[in-house]
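# Descriptive analysis of the structure
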Amino acid sequence: MNDESAPPLPRLGEIGLTNFAPYLMNRIMGRYNASLRDDMGDMGLTTPKMRALAVLSVVEGPLIRELAVYTVTEQSTLSRALDQLQTEGLIRREADSADSRAVRVRITDAGRAAFDQLWPQMAAAQARMFRGIPEDERRTFVTTLQKMLTNIRKHEI
């Protein structure tokens, strides 16, 4: 697949870590998750559990495989998180009406209340990331991220 007429790709050392977008995105998300860890821990939540509640607060009854895509979580890790969330009464699982083998996940009122308690910290962490960045640049950045996701995604969601 290497086009011999194309110029050689620059090496990472030539680009530098601070100009390599995947590195920057990982650093940013690492800091974002770390900034929420204490608040989540105080509520008995982990990152996979928080992601599941966040998605379920806005997506009505996804299938477990869809929820894994939305939460960017391996299905085995998500399954353990869902077991815990169900035991805690924060979500419920139900058979899909069209396919009894498929399972849909729904947030409970208690789950919504837990997420609503964490949301201000999540919003504040996002605001800190965008501090000093004008709104038009923020919108452009988010639009660019959406395009990048479309370029690389494996799923329609």
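Residues numbered from 1 in each chain as written. Predicted model: local features only at pLDDT ≥ 70, side-chain atom pairs only at ≥ 80, totals over all residues. Heavy atoms only, no water.

## Some words on the overall build of the protein
Scanning the protein from terminus to terminus reveals seven helices and two strands. At 19 Å, the protein has a C-alpha radius of gyration far larger than the 15 Å of a compact globule built from 157 residues. Principal axes of the C-alpha set define a box for the protein whose edges measure 55 × 40 × 25 Å. A burial count over the protein gives 27% of its 157 residues as buried. Sequence separation of 24 or more characterises 51% of the internal contacts of the protein that already satisfy a separation of 6 or more. Each charge class in the protein was averaged separately, 21 positive and 20 negative side chains, and the resulting centres sit 2 Å apart. (Helix = DSSP H or I, 4+ residues; strand = E, 2+ residues; numbered from the N terminus. Rg over C-alpha atoms; globule rule 2.2 N^0.38 Å. Buried < 20%, exposed > 50% of the residue type's maximum accessible area, 1.4 Å probe, protein only. Contact = heavy atoms within 4.5 Å. Lys, Arg positive; Asp, Glu negative; His and termini not counted. Charge placed at Lys NZ, Arg CZ, Asp CG, Glu CD.)

## Focus: the packing of aromatic side chains
A full pass over the atoms with the stated rule returns two aromatic pairs. Relative to Trp119, the ring of Phe115 lies with its centre 6.0 Å away and its plane at 35 degrees, an arrangement referred to as tilted. On the criterion of helical spacing, the pair formed by Phe115 and Trp119 is a turn pair, its members being four residues apart in helix α6 (residues 109-129). On the basis of relative accessibility, which here comes to 8%, the residue Phe115 falls in the buried class. For the pair Phe130 and Phe141, a centre-to-centre distance of 6.0 Å together with 65 degrees between the ring planes defines the contact as edge-to-face. With Phe130 in the loop between α6 and α7 (135-152) and Phe141 in helix α7, this residue pair connects regions lying 11 residues apart in the sequence. (Phe/Tyr/Trp six-rings, centres within 6.5 Å; stacked < 30°, edge-to-face > 60°.)

## Quick word on unusual backbone geometry
The backbone of Val72 shows a phi angle near 50 degrees, a positive value even though the residue is not glycine. Looking at the element boundaries, Val72 is found in the loop between α4 (64-71) and α5 (75-87). What makes Val72 exposed here is its relative accessible area of 66%.

## Observations regarding the side chain of Thr73
When you line up the elements, Thr73 lands in the loop between α4 and α5. Of the residues examined, Thr73 reaches a relative accessible area of 10% and is grouped as buried. Polar side-chain contacts of Thr73 include one of 2.9 Å to the backbone oxygen of Thr71. If near-sequence neighbours (up to four positions away) are discounted, Thr73 is found in contact with Pro48, Arg51, Ala68 and Leu78. (Polar contact = N/O pair within 3.5 Å; in protein donor to acceptor, adjacent residues only side chain to side chain.)

## Side note on the layout of surface pockets
Counted as a void, the largest pocket has a volume near 2200 Å³. Counting only elements with at least two residues in the lining of the largest pocket, the list comes to α2 (21-42), α3 (47-56), α4, α6 and α7. Along the lines of polarity and charge, the residues of the lining of the largest pocket split into 29 nonpolar, 10 polar and five charged. (1 Å grid on protein atoms, 1.4 Å probe; cavity = no way out; pocket = protein on both sides within 12 Å on 5 of 7 lines; lining within 4 Å. Points joined across faces, edges and corners; volume = space filled by probe spheres on them. Nonpolar A, V, L, I, M, F, W, Y, C, P; charged D, E, K, R; others polar.)

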